[in-house]
Amino acid sequence: MTPNKKRRAVIGAGIAAAVLAAGAGGYLATRPADEASASATGERKILYWYDPMVPAEHHDGPGLSSMGMKLIPKYADEGGAVAPGVSIDPGAVQNLGARIVEAKLGSLPGGLVATGTVDYNERNIAIVQARAGGFVQRVYGLAPNDIVRAGAPIADVLVPEWGGAQQELLALQRSGNPELARAARERLVLLGMDPGAVAAVSRSGRVRNVTTIRTPVGGAVKTLNVRQGMTLAAGQTLAEVNGLGTVWVNAAVPETMAGQIKLGTPAEVTLTAFPGETLTGKVTAILPQADVASRTLTARIEIPNRGGRLRPGMFANVSFNAQQQSALLVPSEAVIRTGTRTLVMLALPNGRYRPAEVRAGRSAGGQTEILAGLADGEKVVESGQFLIDSEANLAGVEARPIDQASAMTPDKSDGRQGRYRTTGTIQTITAGSVTLQHQAVPALKWPAMTMTFRVSYPAMLRGFKKGDEVTFSFDQEAQGPVLRTITRSSER
């Protein structure tokens, strides 16, 4: 190669290197500037592309997913780790018609309603028996399920054994020996003769070998085992008569609601046979065995049967006025039951939403009791929560566990101890007050008595129930005593 050619090659290589360097330098110089410009203009950074139907499948750019669906971008500012939950545009929430409500302490309206049937009061059964052996001479045309009055005749029975004993009594009376006559009368009673009949024989001087057996109570003849011409043995049962002065209403209570019913719980009974009429009674027994097929317990209510209008077998509706207690309530519409767990959708600050697992209790009047998993004052989504829950599932948001709810309870107490302090027993609890049977308060010259106290904040009564022995402090204000603190006596 000639010297001129070598010189031209070196110059060309240098120019090429300079151009490459300039190009690289220009790229390196302009890339940060472009990114800064994008950030300054508010352009959102895309992390990846995904199909909402298959959120675990990520792609580097737009296109179609494995299911043939159009991919959408996932931005860096979505679902950040600043706070749990999913962020949803307020306009979208408004379009869903979502309503936000607070969980509040209150009492469930109404009580438990169950179906039942009228049945015999089996504590009012009379067993009619023959007190002496003999022969049935006459029956009075009764049949099972006939209604009889008290003292109604059932059968006339000839008792041969009484004949000789009565002749002996009359002979001893004629002899003038009162001691032997009294012994003869007692013998007739022991032979099964009614004392009234013995006295009648003694007065009239005539032998009576036939006795009429009568029912001691009025009611329905449940069984009848006597026919004309029968031979009876002493103690043989002729009939069973069930009184109808009172009847039982056996109500089928779902076992999930059985905890609300106790002995003495008031009940109102209505029957389709007597529309517009309500009968009252109390629970006298809760049968010990549940019905396997229907999963119900039987609660028995005893009610009077004036005029015998209530007939066993009649259908009844039973409303139990169970004692109302303070409970944390949310609208029933806000509760999501998945089959394996129960959720509510929390409405968090800054437009975020998160499912929370709860344990639900009773439901009535469109309200559901929350036993655990939610705190007083927390906000939940009442309607439209299913679509929000679907969005949370797509974003992989985990539900808040039940045991984390206690840490979220708003502390509305000022921590101040009341001026006066004593002990007592809880009688009733409502949403904003508690009735206590308390000991004397010498500082106020109060004797031991029962009094209702307003509470300084409703959540302080959570977990307490009727019958708890407590120690409490209170202040006496112009509107009445206000409870400041309360603890179980066993926890001190």
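Small disclaimer: the values here were computed from a predicted structure and weren't measured. (Residues numbered from 1 in each chain as written. Predicted model: local features only at pLDDT ≥ 70, side-chain atom pairs only at ≥ 80, totals over all residues. Heavy atoms only, no water.)

## What to know about the overall build of the chain
Helices and strands together make up the secondary structure of the chain, namely 6 helices and 31 strands. Across the 492 residues of the chain, 36% fall into the buried class. (Helix = DSSP H or I, 4+ residues; strand = E, 2+ residues; numbered from the N terminus. Buried < 20%, exposed > 50% of the residue type's maximum accessible area, 1.4 Å probe, protein only.)

## Digging into the packing of helix α3 (residues 161-175) against helix α4 (residues 178-190)
Relative orientation of the contacting elements α3 and α4 amounts to 160 degrees, with a least axis distance of 8 Å. As the angle between them shows, α3 and α4 are arranged roughly antiparallel. Relative to α4, the crossing made by α3 is left-handed. Contacts between α3 and α4 involve W162, A165, Q166, E168, L169, L172 and Q173 from the first element and L180, A181, A184, R185, R187 and L188 from the second. In terms of residue class, the contact of α3 with α4 is built from 8 nonpolar, 2 polar and 3 charged. (Axes fitted to C-alpha atoms, helices over the stretch in contact; angles between N-to-C directions. Parallel < 35°, antiparallel > 145°, perpendicular 65-115°, else oblique. Left-handed = near helix turned anticlockwise from the far one by under 90°. Contact = heavy atoms within 4.5 Å. Nonpolar A, V, L, I, M, F, W, Y, C, P; charged D, E, K, R; others polar.)

## Some remarks on the packing of α4 against helix α5 (residues 195-204)
The interhelical angle for the contact between α4 and α5, taken along N-to-C directions, is 140 degrees, at an axis separation of 9 Å. It follows from the interaxial angle that α4 and α5 lie oblique. In this structure, the crossing between α4 and α5 has a hand that is right-handed. On α5, the residues that touch R185, L188 and V189 of α4 are P195, V198 and S202. Here the contact of α4 with α5 is composed, by residue class, of 4 nonpolar, 1 polar and 1 charged.

## What to know about the pattern of salt bridges
All chains considered together, the criterion is met by 12 salt bridges. Close ionic contact of R182 with E179 constitutes a salt bridge, the shortest N to O distance being 2.1 Å. With a gap of 3 residues between them, R182 and E179 both fall in helix α4, about one helical turn apart. Overall, E179 belongs to the partly exposed group, its relative accessible area being 48%. Taken together, the shared-partner salt bridges connect R454, D475, E477 and R484 into one network. (Salt bridge = Lys/Arg side-chain N within 4 Å of Asp/Glu carboxyl O.)

## Quick notes on the sheet that holds strand β30 (residues 469-477)
By definition, the strands of a sheet pair up through backbone hydrogen bonds, in either a parallel or an antiparallel sense. Spatial strand order, β27-β28-β29-β31-β30: 5 strands in a closed barrel with mixed pairing. Strand-to-strand twist in this sheet, taken as the mean axis angle between neighbours without regard to direction, amounts to 55 degrees. (Pairing = 2+ DSSP bridges.)

## A closer look at the packing of aromatic side chains
A complete count under the given rule lists 5 aromatic pairs for this structure. Centroid distance F453 to F472: 5.3 Å. Interplanar angle 65 degrees. Geometry classified as edge-to-face. Placement of F453 in strand β29 (residues 449-455) and of F472 in strand β30 is noted, with a sequence separation of 19 residues between them. One aromatic cluster is present, built from ring pairs that chain together Y420, W446, F453, F472 and F474. (Phe/Tyr/Trp six-rings, centres within 6.5 Å; stacked < 30°, edge-to-face > 60°.)

## Side note on the side chain of T425
Along the polypeptide, T425 turns up in strand β27 (residues 420-429). Within the structure, T425 has its side chain in polar contact with the side chain of E469 (distance 3.0 Å). Setting aside its immediate chain neighbours within four residues, T425 contacts T435, L436, Q437, G467, D468 and E469. (Polar contact = N/O pair within 3.5 Å; in protein donor to acceptor, adjacent residues only side chain to side chain.)

## Some points on α3
Helical geometry note: an α-helix holds 3.6 residues per turn, so side chains three or four residues apart project in the same direction. Over its 15 residues, α3 extends 23 Å from the first C-alpha to the last, a length consistent with the 21 Å expected when each residue adds 1.5 Å. Structurally, α3 contributes buried residues whose contacts are with α4, α5 and β12 (210-214). Directly beyond the C-terminal end of α3, a positive phi value near 85 degrees is found at G176. (Expected span 1.5 Å × (residues − 1).)

## Topic: α4
Taking 1.5 Å as the rise per residue, α4 with 13 residues should run 18 Å; its terminal C-alpha atoms sit 19 Å apart, in good agreement. Among all positions of α4, only A181, A184 and L188 are buried. Axial view of α4: buried residues confined to an arc of 60 degrees, hence all on one face. Contacts from the buried residues of α4 go to α3 and α5. Taking the backbone nitrogen of E179 as reference, a side-chain oxygen 3.2 Å away marks N177 as the first, capping residue of α4. (Arc of directions from axis to C-beta.)

## With respect to the environment of W49
With respect to the helices, strands and loops of the structure, W49 is situated in strand β1 (residues 46-51). On the basis of relative accessibility, which here comes to 17%, the residue W49 falls in the buried class. Sequence separation between W49 and P62 is 13 residues, and the spatial gap between their C-alpha atoms is 6.3 Å. Ignoring sequence-local partners within four residues, the contact set of W49 consists of E57, H58, H59, D60, G61, P62, L71, I72 and P73.

Function cannot be inferred from these measures alone, as they are strictly geometric.
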